[in-house]
Amino acid sequence: AKQGGRGTFQFYASEMNERVAAHRRLVDELRRGIAADEFFLEYQPRFEPRSLSVVGAEALVRWAHPEKGRMAPCAFIPAAESSGLILPLGEWIMRTACMQAASWDGDLRVSVNVSPVQFRDRNLTAIVADALAQAGLPADRLEIEVTEGVLLEDPERAQVMLRELKELGVSLAIDDFGTGYASLSYLRNYPFDMIKIDRQFVSDIGEREGGRAIVQAILGLGNAMGIAVTAEGVENAGQLASLINDQCREVQGYLLARPMALPQFAEFLVRAQQ
Ligand code: C2E
Ligand code: CA
Ligand code: CA
Ligand code: CA
């Protein structure tokens, strides 16, 4: 048994070394990819659910890797966060999203995801202010999406940063709402303008007992607190009908539109506004 134990330990140790090495390679690749400008943004439209008019879009980052092809954010955002490379990457995302949104037809809102690591950076507010000024984008057309990770790490710092951003005139959304631990108190303690109901609750509508009730409860909460609610991950007509019925303010999901690269999104807007 002892020997087996040691064998197991050695197995774990070598697996761990392999993981550390893979992580290092990914971080080196990220550094190279950022310098080589290999990232791009896709935009997923958001709609007013009754009229299906477009009200904005969420910017979602992708990596056009020269060998591995197109990489989804879940494959590189965690390494970008743990290495700190999310700071230059996140700044690029913010500047690019503001610049591109300024070129859209109509005054649609652009939503940008901001990582908890970026929130620890004292320069965040200045970067956002500069991105808006450089792009000539009015602050009220930018929405910043944060997850509760931002609030958990250092609640006081988060409070200061959110107020600073709010003073710039941007809107603040709490993303993946309902998946965390203490979401209700966040609504009381922080100045959010928007709640994004996590996809898992939307997919439970009509699938699971109580699924719709949870969504209704979040909608009621938002309503009572004067905070607009978006449902993400809307994939079928039943979910959409239910959300319309329950007065959800905005919807986003594959049923309505997938994330698109900028040229396709621009074409989509032309068609949508005809
Ligand atoms: P998220 O912020 O919750 O983004 C929504 C994700 O759900 C996106 O995945 C989107 O493509 C996907 N989605 C949208 N509609 C549907 C639907 O109807 N069904 C299903 N199954 N999925 C849908 P994506 O683009 O792979 O992004 C995954 C996560 O990566 C994001 O989750 C966000 O946490 C992170 N991420 C993406 N872009 C950025 C970024 O620019 N900065 C940071 N810090 N994180 C980002
Ligand atoms: Ca988001
Ligand atoms: Ca989300
Ligand atoms: Ca999510």
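Per an unreviewed UniProt entry, the protein chain goes by the name PAS domain S-box protein and belongs to Novosphingobium pituita.

Caption draft 1: Representation of unusual backbone geometry. Phi at Asp37 is positive, roughly 60°, even though this residue is not glycine. Within the secondary structure, Asp37 sits in the loop between helix H1 (2–35) and strand E1 (39–47). Its identity as a non-glycine residue notwithstanding, Leu52 has a phi of 55°, on the positive side. Relative to the helices and strands, Leu52 resides in the loop between E1 and strand E2 (54–65). Residue Leu52 is classed as partly exposed on the basis of its relative accessible area of 39%.

Caption draft 2: View of the confidence of the model for the protein chain. Taken as a whole, the protein chain shows an average pLDDT of 93; of its residues, 96% reach a score of 70 or greater. Listed scores for the predicted complex are pTM 0.94 and ipTM 0.97.

Caption draft 3: Highlighting the pairing of strand E5 (residues 142–146). For E5, the buried fraction is high: 5 of the 5 residues fall into the buried class. Here E5 shows no split at all, with Leu142, Ile144 and Val146 on one side and Glu143 and Glu145 on the other all buried. With 4 bridges joining them, strand E4 (residues 109–113) and E5 adopt parallel strand pairing. When the sheet's bridge partners are listed, Val112 is paired in E5 with Ile144. Here 4 bridges tie E5 to strand E6 (residues 171–177), and the two strands are oriented parallel to one another.

Caption draft 4: View of the pairing of E6. Across the 7 residues that make up E6, a large majority, 6, are buried. Examined bridge by bridge, E6 and strand E7 (residues 194–197) share 3 bridges and lie parallel to one another. Its bridge partner lying in E7, Ala173 is registered against Met194.

Caption draft 5: A look at the pattern of salt bridges. Taken as a whole, this structure holds 21 salt bridges when the rule is applied. A salt bridge links Arg109 to Glu143; the nearest nitrogen and oxygen atoms lie 3.5 Å apart. Linking Arg109 in strand E4 with Glu143 in strand E5, this pair joins segments that are 34 residues apart in sequence. Each member of the pair Arg109 and Glu143 is classed as buried. Each of Arg46, Glu58, Arg109, Glu143, Glu145, Lys196, Glu232 and Glu250 takes part in salt bridges that share partners, so that together they form one network.

Rules used in this analysis
- Residues numbered from 1 in each chain as written.
- Chains lettered and ligands numbered in written order.
- Predicted model: local features only at pLDDT ≥ 70, side-chain atom pairs only at ≥ 80, totals over all residues.
- Heavy atoms only, no water.
- Helix = DSSP H or I, 4+ residues; strand = E, 2+ residues; numbered from the N terminus.
- Buried < 20%, exposed > 50% of the residue type's maximum accessible area, 1.4 Å probe, protein only.
- pLDDT = per-residue confidence, 0-100.
- Pairing = 2+ DSSP bridges.
- Salt bridge = Lys/Arg side-chain N within 4 Å of Asp/Glu carboxyl O.

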